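Report on the structure
Residue-level listing of the chains:
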Amino acid sequence: MTTPCIICVAITGSLPTKANNPAVPISVSEQVESTHEAFEAGATIVHAHVRNDDETPSSDPDKFAALKEGIERHCPGMIVQFSTGGRSGAGKTRGGMLPLRPDMASLSIGSNNFPNRVYENPPDLVDWLASEMLAHDVKPEIEAFDLSHILKARDMADKGQLKGTPYIQFVMGVKNAMPVDRDVFEYYIRTVHRLFGADAPWCAAGIGANQKLLNEWAIAAGGHARTGLEDNVRLDRDTLAPSNAALVRRAVEICDRNNRRVATWQEARRILGLSVPDDARKGQAA
Ligand SMILES: [Zn+2]
């Protein structure tokens, strides 16, 4: 029996705008609606950034709070994951939403190049973000833009800096960072298994046209999958994705082809070691 596949939808990100694809949700109400459609399509984690009205990235905890409330109301049980990476260089404001106690938050634990800048994750900031996540009972998703980031996660876990077994996401295809490389991908998987155990869950994200390829690789290899407009705004070269849900449906089809069942939110929470929120438990009983 294979492990059901957790589908994460990265709804907005910090870069794509409505000029790139009008379906990119910007306002909190658009984000809640887009998340709800994606949840109904099979996504069980929402990875979220928030934006200002002019579409520039924001770290405003009030926006994160409104988003969390809307998702919890409309998508009971869905795992809410906030990004702490969206505003490189912004220092501790990147973690200003952690006291809201989302289920998870992304944690980039090392630096690397991005297309036009350095993605700065200095050690003192990484330690501080991890300590805030621990203090507020937030499970990190480790963003591995490089092999060293997986090794660093083992080091931080050994020091008691992370809640539970780290959930590692391989990010491939960001220009100037790790390209999409099958040998590296397989070595990443072996490294996760060696460092965290054969049952340790992992996930993969591909950027742009590589989103579909990384979904296929991860789902076939027993990992979990991330999709969504943050990473890719197209279904193919000529077609804009009409919604986040359309990209989720594409990942579900890949699961079907690979005989992987799509995880329910209960299964996703169990796989990741997350508790069931009270509101969702009430919904289950009803
Ligand atoms: Zn993100």
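To start, this report covers the structure provided alongside it. (Residues numbered from 1 in each chain as written. Predicted model: local features only at pLDDT ≥ 70, side-chain atom pairs only at ≥ 80, totals over all residues. Heavy atoms only, no water.)

1. Regarding the coordination of the zinc ion
Taken together, the protein donors to the zinc ion comprise H47 (NE2), H49 (NE2), E230 (OE) and E230 (OE), at separations of 2.0 to 2.6 Å. Angles of 53 to 131 degrees at the metal separate the 4 donor atoms of the zinc ion, which places the site in the irregular class. In terms of primary sequence, the donors binding the zinc ion are separated according to H-x1-H-x180-E. For the pair shown, H47 and H49 are each scored as buried. (Donors = N, O, S within 2.8 Å, 3.2 Å for Na, K, Ca; no water. Tetrahedral: all angles 85-135°; square planar, octahedral: opposite > 155°, others 65-115°. Buried < 20%, exposed > 50% of the residue type's maximum accessible area, 1.4 Å probe, protein only.)

2. Examining the packing of helix α1 (residues 28–41) against helix α7 (residues 244–257)
Where α1 contacts α7, the two axes come as close as 8 Å, and the packing angle between them is 20 degrees. What the angle tells us is that α1 and α7 run roughly parallel. Seen along the crossing, α1 lies across α7 with a hand that is right-handed. Along its contact with α1, which presents S34, E37, A38 and A41, the element α7 presents N244, A245, V248, R249 and V252. Classifying every residue of the contact of α1 with α7 by side-chain character gives 5 nonpolar, 2 polar and 2 charged. (Axes fitted to C-alpha atoms, helices over the stretch in contact; angles between N-to-C directions. Helix = DSSP H or I, 4+ residues; strand = E, 2+ residues; numbered from the N terminus. Parallel < 35°, antiparallel > 145°, perpendicular 65-115°, else oblique. Left-handed = near helix turned anticlockwise from the far one by under 90°. Contact = heavy atoms within 4.5 Å. Nonpolar A, V, L, I, M, F, W, Y, C, P; charged D, E, K, R; others polar.)

3. Topic: the pairing of strand β12 (residues 224–227)
Because side chains alternate across β12, one face comprises the buried residues H224 and R226, and the other comprises A225 and T227, equally buried. Of the strand pairs in this sheet, strand β1 (residues 7–10) and β12 are connected by 3 bridges, and their pairing is parallel. Bridge pairing in β12 places I7 opposite A225. Here 2 bridges tie strand β11 (residues 202–206) to β12, and the two strands are oriented parallel to one another. Opposite C203, over in β12, you have H224 as the bridge partner. Taking the sense of rotation as the criterion, the β-α-β connection linking β11, helix α6 (residues 210–220) and β12 turns out right-handed. (Pairing = 2+ DSSP bridges. Right-handed = clockwise from strand over helix to strand, strands pointing away.)

4. Some details on unusual backbone geometry
With a phi angle near 60 degrees, D137 is a residue other than glycine that sits in the positive phi range. Take D137: it is sitting in the loop between α3 (123–135) and β9 (139–144). In this structure D137 comes out as partly exposed when scored by relative accessible area, which is 41%. Notably, N176 is not glycine yet its phi reads approximately 75 degrees, a positive angle. Mapped onto the fold, N176 is located in the loop between β10 (167–172) and α5 (182–196).

5. Here's the deal with the nonpolar core
Soluble globular proteins tend to bury their nonpolar side chains together. Within the largest apolar cluster, 64 residues are counted, with the highest numbers of intra-cluster contacts made by L107, I150, I168, F170 and F185. When near neighbours in sequence (up to four residues on either side) are disregarded, L107 contacts T84, V126, L129, A130, M133, P140, E141, I142, E143, M156 and L162. Membership of the second largest hydrophobic core comes to 12 residues, among which are I79, Y167, A263 and L272. (Core = buried A, V, L, I, M, F, W, Y, C linked by side-chain atoms within 4.5 Å.)

6. Some words on the pattern of salt bridges
With the rule as written, the count across this model stands at 13 salt bridges. Notably, a salt bridge pairs D137 with K163, separated by 3.1 Å at the nearest N-O pair. Residue D137 is found in the loop between α3 and β9, and its partner K163 is found in the loop between α4 (147–158) and β10; the two are separated by 26 residues along the sequence. Connected through shared salt-bridge partners, K152, D155 and K159 make up one network. (Salt bridge = Lys/Arg side-chain N within 4 Å of Asp/Glu carboxyl O.)

7. Focus: the sheet that holds β12
Reading around the barrel, the 8 strands line up as β1-β2-β5-β6-β9-β10-β11-β12 and close back on themselves, with parallel pairing between neighbours. Taken pair by pair, the neighbouring strands of this sheet meet at an average axis angle of 25 degrees, ignoring direction. One ladder, built from 5 bridges, connects β10 with β11; its direction is parallel. The partner of F170 across the bridge, within β11, is A204. Running over the sheet, helix α2 (residues 61–74) touches β2 (45–48) and β5 (79–82) and is turned about 165 degrees from β5.

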